[in-house]
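These are the residues of each chain, in order.
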Amino acid sequence: MITTFEQIYDLLRSKTKKRLVAAWGVDDHTITAASKAIELGIVDVTLVGDSAMIAKVCEEEKIDMSIFTIFDYKEELKAIAYAIDLINAGEGDILMKGLCSTDKYMRAILNKERGLLPPKATLSHVSVLQNPNYKKLIILGDMAVIPAPDLKQKVAITNYVVNTAKALGNTMPKVAFIAATEQMLEGMLACVDAAVLSKKCDRGEIKGCVGDGPLALDVAISPEAVEIKKLKSPVAGDADCLVFPNIESANVFYKSNSQLMKGVKQAAIMVGAKAPCVLSSRADSIETKLNSIALAAATAK
C-alpha cells in the first residue's frame, strides 16, 4: 500500500506514462509544474494555448519548449474546448486547468455536447494529505465541488475516495463517515447519514471497503482517543478515507492541515468525469501541483 507521494511517483515511473492536457496552459505556474512532471518522468504533456505566450514563459523560465506537444490556439475558450476534445478523442488521459478562469473550465467540462461528464454522473472532489503525524495517506471528500451533499451524493463521494485508495494499492480501505460526534444523535443529519452509509458498507451496497460512522474526527484517526472513549469499531483510529458531511467541514480540515502543520503534503483532483481533472489554485505550491498531477495519473484509466 502506498503511504507517501514519493511512492506514487515511483509507481508512475514504472508504468506507461499518461498524457496530461493543459487547457489554456500559457502561464508560468502551469508550464513550470508540467515541465517538472516531465522531468520526474511521471507524465507526458500537451499544452493547448497561445504558442507565443508559451514560448515567452519557456524563455523566461529557461524551459526547453520542445519537451511539450503544443496546439496553438489564440483564444481562451477555443483552447479549453480543444483540450477537452483531445481527452474525448483518447489523445489525453488527464485534464489540467491552466490560466483560464475556474468557471470557464467547469462550464467546458459540464458542456452537454462536448464536455467530459457522463450522463447522470456526479462530479466530485478528492483530496489526499500526507501528514507527518499520521502513518499513512488520508483520502478525503468533498472539499470543493458539492456544497451540501445529499445521501445519494455521499454514496458517490464514498465510491470516489474508495476508488482512489484502491488506485494507491489499498485493497480494502477503511472509510470513516465524519460527524461532530460518534454518538448516534437522531437530530443531527450528519449522524443519520453516516449511520446509513455505514450500513450500506456492511451490506455490500457500497463495495470494496470497510465503513463506519458516525465518527468524530478524533476517534477516526487517533488510537488514543479510541482507547479513552472505549469505542469498538473496525475503522476508528485507523481510517484511510474520510467522508465529510459538507463542504465547509472538509474544506476547513484540508486547509487547517496545509496552513497550520509543517511538513504536510497534499494533492487534489476532480473525479466523476471521463478523465481526472486537475483544478489547481495559483496559490498552490509547485509541489502541490506536482502531487495533484501524480494523483491524477495514478487514478487515470
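Quick note: structure is the one above.
Below you will find a few notes about this structure. (Residues numbered from 1 in each chain as written. Predicted model: local features only at pLDDT ≥ 70, side-chain atom pairs only at ≥ 80, totals over all residues. Heavy atoms only, no water.)

### Quick look at the overall build of the protein chain
This is how it is decided: Each helix corresponds to a stretch of at least 4 residues labelled H or I by DSSP, and each strand to a stretch of at least 2 residues labelled E; elements are numbered beginning at the N terminus. The size measure is the radius of gyration over C-alpha atoms, and the globule rule it meets is 2.2 Å times the number of residues to the 0.38 power. A simple rule labels every residue: compare its accessible area, found with a 1.4 Å probe on the protein chains alone, to the largest value its type can have, and call it buried under 20%, exposed over 50%, or partly exposed in between.
Scanning the protein chain from terminus to terminus reveals 11 helices and 11 strands. Since a compact globule built from 301 residues should have a radius of gyration of about 19 Å, the 20 Å found for the protein chain is in line with a globular shape. Seen along its three principal axes, the alpha-carbon backbone of the protein chain occupies a region of about 65 × 40 × 30 Å. Taking all 301 residues of the protein chain together, the buried fraction comes to 52%.

### Looking at the environment of A156
With respect to the helices and strands, the residue A156 is situated in helix α6 (residues 151-167). Residues A156 and T122 lie 34 residues apart in sequence; the distance between their C-alpha atoms is 6.9 Å.

### Topic: the pattern of salt bridges
Inclusion rule: Each salt bridge in this description consists of a side-chain nitrogen of Lys or Arg and a carboxyl oxygen of Asp or Glu lying within 4 Å of one another.
Considering all chains together, one arrives at 16 salt bridges under this definition. Across the pair D218 and K229 runs a salt bridge whose closest N-O atoms are separated by 3.1 Å. In this pair, D218 is assigned in helix α8 (residues 217-221) and K229 in helix α9 (residues 223-229), connecting sequence segments 11 residues apart. Residue K229 is classed as partly exposed on the basis of its relative accessible area, which comes to 39%.

### Digging into the environment of A179
What counts, and what does not: A contact between two residues is defined here by any heavy atoms of the two lying within 4.5 Å.
Note on placement: A179 falls in the loop between β7 (174-178) and α7 (189-202). Separated by 35 residues in sequence, A179 and P214 have C-alpha atoms that sit 5.6 Å apart. When neighbours within four sequence positions are excluded, A179 is seen to be in contact with A190, C191, P214, L215, A216 and L217.

### Examining unusual backbone geometry
In this model, G141 is joined to D142 through a cis peptide bond whose omega is -5°. Tracing the sequence through the fold places D142 in the loop between β6 (138-141) and α6. Residue P214 is bonded to the preceding G213 through a cis peptide linkage, with omega at 5°. Relative to the helices and strands, P214 is located in strand β8 (residues 210-215).

### Section: the nonpolar core
Note the threshold: Note on terminology: a nonpolar core comprises buried Ala, Val, Leu, Ile, Met, Phe, Trp, Tyr and Cys residues joined through side-chain atoms within 4.5 Å.
I8, V43 and L95 are the most contacted members of the largest nonpolar core, which has 79 residues in total. Residue contacts for V43: discarding those within four places in its chain leaves K17, K18, L20, A37, I38, I94, I293 and A297. A216, A220, F253 and Y254 belong to the second largest nonpolar core, which has 23 residues in total.

### Comments concerning helix α5 (residues 102-110)
Stated formally: This arc describes the spread of directions from the helix axis toward the C-beta atoms.
Within the sequence span of α5, burial applies to Y105, M106, A108 and I109. Projected down its long axis, α5 shows its buried positions confined to an angular sector of 160°, all on one face. Here the buried face of α5 lies against β1 (18-23), α4 (76-88), β4 (94-97), β10 (265-271) and β11 (277-278).

### Let's talk about the state of the cysteines
Two cysteines form a disulfide when their sulfur atoms are joined by a covalent bond. Selection criterion: In this description, a disulfide is simply a cysteine sulfur pair whose atoms lie within 2.5 Å.
On inspection of all chains with the given rule, the structure shows zero disulfides. Here C209 is not disulfide-linked; the sulfur of C201 is the nearest cysteine sulfur, at 3.7 Å. Exposure remark for C209: the relative accessible area of 8% places this residue in the buried category. Here C277 stays unpaired: no disulfide links it, and the sulfur of C100, its closest cysteine neighbor, is 11 Å away. On the basis of relative accessible area, C277 is assigned to the buried category, the value being 0%.

Read these as layout, nothing more, since geometry by itself doesn't imply function.
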